[in-house]
Amino acid sequence: MNADQLRALPFDIGSLHHAYEQGLSPAALIDEVLRRIDAAEDPGIFIDLFEREQIIGQAAALPSFDPRALPLWGVPYVIKDNIDAAGHNTTAACPAYAYEADRDATVVAHLRAAGALLIGKTNLDQFATGLVGLRSPYPPPRNAIDPALPPGGSSSGSAVAVARGLVAFSLGTDTAGSGRVPAALNNIVGLKPSLGLLSATGVVPACRTLDTISIFGLTVGDAYRVLQACAAYDEADPYSRRLPVTALASAGRSLRIGVPNNASIESYGDQIQLESFARTLAGVKDVEFVPLDFTPFYEVADLLYSGAWVAERHAVIESLLSATPEQIHPVTRAIIEKAKSFSATDAFRDQYRLQALRRQCEATMSGLDGLCVPTIPTFFTVADLEVDPIGPNNMFGRYTNFVNLLDMCGIAVPVAARTDGRPGSVTLLARAGQDGLVASLAQSLQQTAAVSPGATGWTLPPASPAPAAAQAHEIAVAVVGAHLSGMPLNGELTSRNARLLKATRSASGYRLYALAGDAPARPALVADPTSEAAIELEVWAMPQDQFASFMAGIPRPLGIGTLELADGSSCKGFICEPAGLQSATEVTDYGGWRHYIAARKAAGTHSTTN
């Protein structure tokens with residue numbers, strides 16, 4: 001690869017790995033990263049840019065190129081400077097707070113093990129308090145799209161580094177929206193995982209009960225690949241949780257997604273933003289958007305800074321604030337000092353209020369797969385924030401502040417630019433553990449919009465296809481009846497983050513029966529070597545940790561056994577005890593359950609709900 005080709009190389013993971021396959025050396029790639037950083041002429045991005053020799057040392061420790069074993073082999077990234085890297089200071093953008101980390105944060109250790117190359121540590125709103133990226137004693141990074149706009153915070157440097165194509169991905173943190181607002185302002189992807197999915201060991205907390213490391217990427221696929229590489233339960237982190245990380249795939253059914261209704265959508269008078277959001281929704285297929293009253297979500301959001309949770313931020317810097325308050329950014333200090341006005345009684349009252357609002361939000365979301373909101377309600381400029389550093393910051397968080405308080409996962413994704421040329425962005429949200437679902441829909445949105453990521457000018461690469469087979473953490477399960485896509489019991493699969501692998505047929509030698517009993521009607525697939533029939537079915541990949549609960553809900557006379565498929569493979573699937581066939585009706589001749597149900601509906605002899 002010559003110098004011109006290297007300068008034009010997109011830094012998405014697929015392009016980097018293709019270049020390595022063609023002979024690119026990690027050393028040459030590192031030199032190109034450092035050249036791009038120098039050419040950016042933005043001293044506000046980095047607090048600690050590592051020396052070339054140290055980065056080369058990381059590359060030298062890599063084994064031979066093998067992206068299957070090391071999915072992030074040779075991929076450059078940066079981390080927010082409230083995340084530890086061994087041998088480097090962690091400042092949280094406060095030099096007086098700095099300490100040298102004696103080990104990597106757990107997530108950084110996972111990324112090293114996956115082959116990624118850490119380039120440096122980036123600027124942030126001090127102590128991760130802010131959504132603007134301007135509350136730092138260091139020069140603020142410049143927004144990658146428009147220097148009149150703020151870079152967004154608190155993960156400002158991490159977002160700008162990705163948006164300018166300096167690295168392939170970055171780590172931020174997200175408490176109130178710090179992994180999503182900067183993504184919207186810089187036209188990139190911001191993935192906010194479920195709380196506890198990524199270890200917080202080695203991270204300076206903002207609000208410990210609400211924080212998560214977040215991931216910025218040029219594409220949804222890249223951000224999610226990083227999530228897969230570093231998600232793991234951590235015994236050392238009291239807030240770590242065992243949650244699934246499924247492969248990206250179609251939901252296998254039409255989704256129902258809640259959106260703010262006309263009465264509750266908030267843009268602070270920005271009609272262009274409302275039009276952008278409406279245009280994005282209109283272009284989405286296979287999704288039913290359900291208008292909702294978002295008032296309870298906004299009330300949750302208001303608790304984050306007006307309630308006692310600000311005391312969590314005070315707990316982190318209490319001694320520094322008492323001893324040398326002048327070392328803390330004045331806006332940050334003004335926000336955190338509000339904690340002194342709250343009592344323990346206030347904290348419990350706010351907890352009670354939050355729990356009541358959670359119930360309201362749960363009721364509002366009943367029957368829905370998730371939510372879709374504008375990532376930010378409107379745009380504010382650096383000049384606006386110089387006049388009022390707090391008001392616009394709070395408005396930026398209108399659609400982000402409630403998310404962690406409600407234990408939701410989310411991902412901000414670029415969509416078509418607004419009519420005034422500013423970047424378009426929406427955020428998809430779902431309940432904890434549904435990270436794969438929202439990322440899959442986000443990937444579809446990004447591919448449909450096909451917007452050049454960040455300020456790179458690069459063509460958006462195509463999405464990588466979902467794995468066609470069950471992965472190591474999954475079990476392939478064949479379903480033949482009410483669990484098929486669009487059928488009454490399909491939610492028992494999708495609620496467990498199962499993904500559709502394929503629609504196919506069994507091998508010959510099976511018979512299909514309709515069992516007697518109440519709705520929904522249930523089938524029974526029975527092996528019979530005298531039968532020449534092959535029955536239509538679907539194969540789904542289910543996370544192994546969800547399989548036991550799925551089996552526990554299967555009623556007699558059904559069970560799980562091994563089925564032979566038309567392609568000669570086998571997988572787990574439904575079987576039936578012989579006694580269950582005594583009152584059953586054979587429906588083999590229909591060839592599959594859908595055909596049987598359709599025929600009965602047409603004849604008017606079967607409930608249309610089955």
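Report on the accompanying structure.

Conventions adopted
- The residue count restarts for each chain, going from 1 along the sequence in the order it is written.
- Where totals are concerned, whole chains, interfaces and linings use all residues; where local detail is concerned, this predicted model gives features only for residues with pLDDT of at least 70, and gives and counts side-chain atom pairs only at 80 or more.
- For the side-chain quantities, the full set of heavy atoms in the structure was used; hydrogens and water were omitted.
- Pairing between strands is defined by DSSP: at least two bridges between the two strands are required.
- Starting at the N terminus, helices and strands are each numbered in turn, a helix being any DSSP run of H or I of at least four residues and a strand any DSSP run of E of at least two.
- Each salt bridge in this description consists of a side-chain nitrogen of Lys or Arg and a carboxyl oxygen of Asp or Glu lying within 4 Å of one another.
- The buried label applies to any residue whose accessible area, calculated with a 1.4 Å probe on protein chains only, is under 20% of its type's maximum; exposed applies above 50%, and partly exposed to all values in between.
- Every definition here rests on a 1 Å grid over the protein atoms only: cavities are sets of points where a 1.4 Å probe fits but cannot get out, pockets are open sets enclosed by protein on both sides within 12 Å along at least five of seven lines, and lining residues have some atom within 4 Å of a point.
- Grid points are joined across faces, edges and corners, and a volume is the space filled by probe spheres set on the points.
- Put simply, Ala, Val, Leu, Ile, Met, Phe, Trp, Tyr, Cys and Pro go in the nonpolar bin, Asp, Glu, Lys and Arg in the charged bin, and everything else, Gly too, in the polar bin.
- A helix is expected to reach a length of 1.5 Å times the quantity of its residues less one.
- Note that the arc is defined by the directions from the helix axis to the C-beta atoms.
- Here, two residues are considered to be in contact whenever any of their heavy atoms come within 4.5 Å of each other.
- Identification of polar contacts relies on pairs of N or O atoms within 3.5 Å, with a donor-acceptor requirement for protein atoms, meaning one able to donate a hydrogen and the other able to accept it, and with residues adjacent in sequence counted only if both atoms are side-chain atoms.
- Orientation is described by axes fitted as lines to C-alpha atoms, over the contacting stretch for helices, and by angles from 0 to 180 degrees between their N-to-C directions.

Here's the deal with the sheet that holds strand E17 (residues 523-527)
Then, number 1: With antiparallel pairing, the three strands of this open sheet are ordered in space as E17-E16-E21. Single-partner strands in this sheet number two, and they are E17 and strand E21 (585-586).
Then, number 2: As defined by bridge partners, strand E16 (residues 510-514) adjoins E21 across two bridges and the pair is classed as antiparallel. What sits directly across from Ala-514, in E21, is Thr-585.

A closer look at the pattern of salt bridges
Then, number 1: Across all of its chains, the model carries 23 salt bridges by this definition.
Then, number 2: Between Asp-567 and Lys-502 there is a salt bridge, with its nearest N and O atoms 3.0 Å apart. Within this pair, whereas Asp-567 is found in the loop between strand E19 (558-564) and strand E20 (570-576), its partner Lys-502 is found in strand E15 (residues 499-505), the two being separated by 65 residues in sequence.
Then, number 3: When its relative accessible area of 51% is taken as the criterion, Asp-567 is described as exposed.
Then, number 4: One continuous salt-bridge network, built from bridges that share partners, spans Glu-32, Arg-35 and Arg-36.

Side note on the layout of surface pockets
Then, number 1: Taken as a whole, the largest pocket holds about 1,200 Å³ of empty space.
Then, number 2: Lining the largest pocket are 44 residues, and of these Tyr-224, Arg-225, Gln-228, Pro-467 and Gln-471 lie nearest its centre.
Then, number 3: Broken down by element, the lining of the largest pocket gets its largest block of residues, seven residues, from helix H8 (residues 220-230).
Then, number 4: Its residues assigned to classes, the lining of the largest pocket comprises 23 nonpolar, 13 polar and eight charged.

Focus on helix H9 (residues 271-282)
Then, number 1: In a regular helix each residue adds 1.5 Å, so 12 residues correspond to 16 Å; H9 covers 17 Å between its end C-alpha atoms and thus fits that length.
Then, number 2: Taken as a whole, H9 has its buried residues at Gln-273, Ser-276, Phe-277, Thr-280 and Leu-281. Projection of H9 onto a plane perpendicular to its axis shows the buried side chains occupying an angular sector of 130°, all on one side.
Then, number 3: Tucked inside the fold, the buried residues of H9 contact strand E9 (255-260), strand E10 (287-292), strand E11 (370-374), strand E12 (408-415), strand E13 (424-431) and helix H16 (435-449).

Here we look at the environment of Glu-32
Then, number 1: Tracing the backbone through its elements, the reader meets Glu-32 in helix H3 (residues 26-40).
Then, number 2: Residue Glu-32 is classed as buried on the basis of its relative accessible area, which comes to 4%.
Then, number 3: Remark: the alpha-carbon pair of Glu-32 and Leu-118, spanning 86 residues in sequence, is separated by 14 Å.
Then, number 4: The residues contacting Glu-32, other than those within four sequence positions of it, are Leu-6, Arg-7 and Phe-11.
Then, number 5: Looking at Glu-32, its side chain comes within polar contact range of the side chain of Arg-35, at 2.9 Å.

Some remarks on the sheet that holds strand E18 (residues 536-543)
Then, number 1: Strand order across the open sheet formed by five strands is E15-E18-E14-E20-E19, with mixed pairing between neighbours. Across the chains shown, the open sheet's two edge strands, defined by having one partner strand only, are E15 and E19. The mean angle between the axes of side-by-side strands here comes to 35°, regardless of whether they run parallel or antiparallel.
Then, number 2: Inspection of the sheet shows E15 paired to E18 by six bridges, in the antiparallel sense. Bridging across to E18, Lys-502 finds its partner in Val-539.
Then, number 3: Each of strand E14 (474-479), E18, E19 and E20 is contacted by helix H18 (residues 544-552), which is oriented at about 120° to E18, the strand it contacts most.

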